[in-house]
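# What the coordinates show
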Amino acid sequence: MNALNQSFDPATAPDARAFRDALGRFGTGVTIVTCATPTGPMGITANSFASVSLDPPLVLWSPAKSSSRYPFFMAAEHFAIHVMGQDQFDTCGRFARSGDAFAACDWSRNEHDVPLLSGCLARFECTTSATHDAGDHSIIVARVTRVTTQEGSPLLFFAGRYGSFSDAS
């Protein structure tokens, strides 16, 4: 077993880097969240996505308050969360840098004008149900109104790097 080389105790001497590194040890999937805005479609790459409830169907994600895109997602009544495949690494990078990276994507709009990216492993079309303050982020809880899925290998994020899944056997 490997020894831990960093510690974080907010009661004594908070070390934000150690805390961030510890969070990075939890591998996650990668999503792109999209919404309509008065100036056009908006998207952002996020790994802060989780299921909440099967009945009713609820999910959540957590945008950073420091993001210039934050106000648009907090104001959005409708949005979509796209679970990205390993072949969509470049798309995730573009949306991490810019909210208007749609030119290089195949996409359409739903009945609420929400941009829907093609080719993702799963897509959750959502209506905002609740928002909660959460430190330097907010938590957006949403009711899922439609899902689509397709086969493929997931794009994963671990320790600050993108990667893919392999069987443990």
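Reference entry: report on the structure contained in this document. (Residues numbered from 1 in each chain as written. Predicted model: local features only at pLDDT ≥ 70, side-chain atom pairs only at ≥ 80, totals over all residues. Heavy atoms only, no water.)

### Some words on the overall build of the chain
Stated formally: Secondary structure elements are defined from DSSP: runs of H or I of at least 4 residues count as helices, runs of E of at least 2 residues count as strands, and each element is numbered from the N terminus. C-alpha atoms define the radius of gyration in this analysis, and the globule rule sets the expected value at 2.2 Å times the number of residues to the power 0.38. Partly exposed residues are those whose accessible area sits between 20% and 50% of the maximum for their type, while under 20% is buried and over 50% is exposed, using a 1.4 Å probe and protein chains only. Residues count as neighbours in contact if any of their non-hydrogen atoms are within 4.5 Å of one another. Per-residue and other accessible areas follow the Shrake-Rupley method at a 1.4 Å probe size, with only the shown protein chains counted as cover for residues. The convention is simple: Lys and Arg are positive, Asp and Glu are negative, and His and the chain ends are not counted. The atom standing in for a charge is NZ when the residue is Lys, CZ when it is Arg, CG when it is Asp and CD when it is Glu.
Helix and strand content of the chain: 3 helices and 12 strands. Whereas a compact globule of 169 residues would reach a radius of gyration of roughly 15 Å, the chain reaches 17 Å, a difference of no more than 12%. Projecting the C-alpha coordinates of the chain onto the three principal axes gives extents of approximately 50 × 40 × 35 Å. The 169 residues of the chain split such that 37% are buried. A fraction of 63% describes how many contacts in the chain between residues 6 or more apart in sequence connect residues 24 or more apart. As displayed, the chain offers around 10,100 Å² of accessible surface, 53% of which is attributable to carbon and sulfur atoms. In the chain, 12 positive and 16 negative side-chain charges are present, and the distance between their average locations comes to 4 Å.

### Side note on the nonpolar core
In plain terms, the rule: Working definition of a nonpolar core: buried Ala, Val, Leu, Ile, Met, Phe, Trp, Tyr and Cys residues. They are joined through side-chain atoms within 4.5 Å.
If you look at the biggest cluster of nonpolar residues, it comprises 19 residues, and the most contacted ones within it are Val 33, Trp 61, Phe 73, Phe 79, Ile 81, Phe 124 and Cys 126. Among the secondary structure elements, those contributing two or more residues to this core are β2 (31-37), β3 (40-46), β5 (58-61), β6 (78-83), β9 (122-134) and β10 (137-149). Once residues lying within four places of it in the same chain are set aside, the contact partners of Cys 126 are Val 59, Glu 77, His 78, Phe 79, Ile 81, Ala 142, Arg 143, Val 144 and Thr 145.

### Some words on the pairing of β10
To be explicit about the condition: Strands qualify as paired when DSSP identifies two bridges or more between them.
Pairing of β5 with β10, which is carried by 4 bridges, proceeds in the antiparallel orientation. Among the inter-strand pairings, Val 59 is bridged to a residue of β10, identified as Ala 142. The antiparallel pairing of β9 with β10 creates a hairpin that spans 2 residues between the two strands, and Gly 135 there sits at a positive phi of about 65°.

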